[in-house]
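# Secondary and tertiary structure notes
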Amino acid sequence: MLHSLLKYRSLWSSKYLGVVLSVRHYSNLKKSSNAVELLESWRQKFTELQIPEVKSSLDNILGCVLKRRKVYGLSERRDLILTQEEVNEFNRLCHCREARMPIQYIVGEWEFRDLHLKMQPPVFIPRPETEGLVELILKKNKSTEFVRFLEIGCGSGAVSLALLSALPNAKCKAVDQSSMACFLTLKNAISLKLSDRISVSQHKVTDEIKDEDFCEKFDFIVSNPPYVPTRDLLKIDPEIRLYEDLRALDGGEDGLNVIKSILRVASKFLKDNGTIWLEVDSSHPQVIEEYLNIHHKTLQLKFLSSHRDIFDKERFIEIRRDL
């Protein structure tokens, strides 16, 4: 396993670091200990190149260089003096952003519901709207309850670890088809001192499901699965297309391939009256409800409701195992 992880990391490095190293040399920018001049140079460059969220990018890169977690407005301070070593590091990280590397990968960590999680490419980066999925689950589960849950497609472990952090009596099984994602979830669990309540394993949920795959039934199942139709992958931002694992996004022709596999898993490994929580495309809730109505006799699952995200889109659905 370790050998394959290192080989995978090596392949990624040769593929993407070449992009970073091929950008303009540091000599094209003035290296100054005056942070104001340095920041203005990069602010202009990012703006010209139409890099998204210029201010946030500079704040986070500067915070990373200065080893600060509170970064908002940091790039606007006019009293910052950087050492030459810090200038060099700031320039290096800005070149990465110039190559459209996501800021989460550049700084190496990101916050999700007050948890500081390690990030590394190409593992899927948790989005802020997914925090809403966690909130919905927590409203239905008391912190004193003993629950066992399954996360399918754990990525960095953001959802599982946020739930475990808020539910001290919960235990979790987390699976992902990516060995790198499993590695990162476990790494974050250890960092947050939650590794004693989570087991992580590599598993492709679209494969044939066997009884020994999970060996138990769960109180609820949660997933933010791949749900982007394959034809739409070319439309996504270069930060995602170039650096993130597209397997975490590609939901097949209609975006429902993995979702239907999750429903089959839930039918088999969810406790009676257990719940499935899914993050889906805003066009999916009605389609999934119709699908469950047609296949109710086989799956024994009932569509309960859909919920809107922070952008007011129908994003989360709640389903119950209904005998």
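Reading the values: rules and limits
Residues numbered from 1 in each chain as written. Predicted model: local features only at pLDDT ≥ 70, side-chain atom pairs only at ≥ 80, totals over all residues. Heavy atoms only, no water. Helix = DSSP H or I, 4+ residues; strand = E, 2+ residues; numbered from the N terminus. Buried < 20%, exposed > 50% of the residue type's maximum accessible area, 1.4 Å probe, protein only. Contact = heavy atoms within 4.5 Å. Areas by Shrake-Rupley, 256 points an atom, 1.4 Å probe, with all protein chains shown as cover. Phe/Tyr/Trp six-rings, centres within 6.5 Å; stacked < 30°, edge-to-face > 60°. Pairing = 2+ DSSP bridges. Axes fitted to C-alpha atoms, helices over the stretch in contact; angles between N-to-C directions. 1 Å grid on protein atoms, 1.4 Å probe; cavity = no way out; pocket = protein on both sides within 12 Å on 5 of 7 lines; lining within 4 Å. Points joined across faces, edges and corners; volume = space filled by probe spheres on them. Nonpolar A, V, L, I, M, F, W, Y, C, P; charged D, E, K, R; others polar. Core = buried A, V, L, I, M, F, W, Y, C linked by side-chain atoms within 4.5 Å. Right-handed = clockwise from strand over helix to strand, strands pointing away. Salt bridge = Lys/Arg side-chain N within 4 Å of Asp/Glu carboxyl O.

For the rest of this paragraph, the subject is the overall build of the protein. Tallying secondary structure elements over the protein gives 12 helices and 9 strands in all. In the protein, which comprises 323 residues, the share counted as buried stands at 51%. Put simply, 67% of the contacts in the protein that link residues at least 6 apart link residues at least 24 apart. Total accessible area computed for the protein in this model is approximately 16,300 Å², and 50% of it derives from carbon and sulfur atoms.

Inspection of the entire model under this criterion finds 2 aromatic pairs. Taken together, a centroid distance of 5.4 Å and an interplanar angle of 55° make the contact between Trp 42 and Phe 46 tilted. Pair noted here: Trp 42 and Phe 46 are both in helix α2 (residues 35-48), with a separation of 4 residues, about one helical turn. Neither residue differs from the other here; Trp 42 and Phe 46 are each classed as buried. Measuring from centroid to centroid gives 4.8 Å for Phe 149 and Phe 220, while their planes differ by 5°, and the two rings are stacked. Remark: Phe 220 occurs in strand β6 (residues 218-223) and Phe 149 occurs in strand β3 (residues 148-152); sequence separation between them is 71 residues. Considered together, Phe 149 and Phe 220 belong to a single accessibility category, that of buried residues.

Moving on, we get to unusual backbone geometry. With an omega of 0°, the peptide bond running from Pro 121 to Pro 122 counts as cis. Within the secondary structure layout, Pro 122 lies in the loop between β2 (115-118) and α6 (131-140). Phi at Arg 113 is positive, roughly 50°, even though this residue is not glycine. With a phi angle near 70°, Asp 114 is a residue other than glycine that sits in the positive phi range.

Below, the discussion takes up the sheet that holds strand β8 (residues 301-308). Reading across from one edge, β5-β4-β3-β6-β7-β9-β8 is the order of the 7 strands in this open sheet, with mixed pairing throughout. If you trace the sheet from one side to the other, it starts and ends with β5 (198-202) and β8, each paired once. Geometrically, the sheet is characterised by an average inter-axis angle of 15° between neighbouring strands, direction not taken into account. Bridge count between β8 and strand β9 (residues 314-321): 7 bridges; the pairing is antiparallel. By the bridge assignment for β9, Lys 302 is matched with Arg 320. Sitting on the sheet, helix α10 (residues 257-269) touches β3, β6, β7 (270-279), β8 and β9, and the angle it makes with β7 is about 160°.

Before going further, it helps to examine the layout of surface pockets. The computed volume of the largest pocket comes to approximately 1,500 Å³. Lining of the largest pocket is provided by 50 residues; of these, Gln 104, Ile 125, Pro 126, Arg 127 and Pro 128 occupy positions nearest its centre. Of all elements in the fold, only α3 (54-66), α5 (103-107), β1 (109-112) and α9 (238-243) reach the threshold of two or more residues within the lining of the largest pocket. Take the lining of the largest pocket: its biggest share by element is 5 residues, from α3. Split by residue class, the lining of the largest pocket holds 22 nonpolar, 8 polar and 20 charged. Along its surface, the second largest pocket is lined by 37 residues, and Gly 153, Asp 176, Asn 224, Pro 226 and Ala 248 are the ones closest to its centre. At the level of elements, β3, α7 (158-166), β4 (171-176) and α10 are the ones that each hand at least two residues to the lining of the second largest pocket. When its residues are assigned to classes, the lining of the second largest pocket shows 17 nonpolar, 13 polar and 7 charged.

The next subject is the nonpolar core. One recurring pattern in soluble globular proteins: nonpolar side chains tend to sit buried together. Judged by nonpolar contacts, the single largest core of 57 residues is most densely connected at Phe 90, Leu 163 and Val 222. Those residues in contact with Phe 90 that lie beyond four places of it in its chain are Leu 38, Leu 39, Trp 42, Leu 58, Ile 61, Leu 62 and Val 65.

For β4, the buried fraction is high: 5 of the 6 residues fall into the buried class. Inspection of the sheet shows β3 paired to β4 by 5 bridges, in the parallel sense. Looking at the pairing, Leu 150 lines up with Lys 173 of β4. In terms of handedness, the path from β3 via α7 over to β4 forms a crossover that is right-handed.

Throughout the structure, instances matching the rule amount to 19 salt bridges. Salt-bridge contacts for Lys 55 lead to Asp 59; the nearest nitrogen and oxygen are separated by 2.9 Å. With Lys 55 and Asp 59 both in helix α3 and 4 residues apart, the pair spans about one turn of that helix. According to the relative accessible area criterion, Asp 59 is buried, its value standing at 3%. Two residues, Arg 308 and Asp 312, come together in a salt bridge whose shortest N-O distance is 3.8 Å.

This part covers the environment of Thr 83. Among the structural elements, Thr 83 can be located in the loop between α3 and α4 (84-98). Thr 83 gets classed as partly exposed once you look at its relative accessible area, which sits at 43%. Sequence-wise, Thr 83 and Ala 35 are 48 residues apart; in three dimensions their C-alpha atoms are separated by 9.5 Å.

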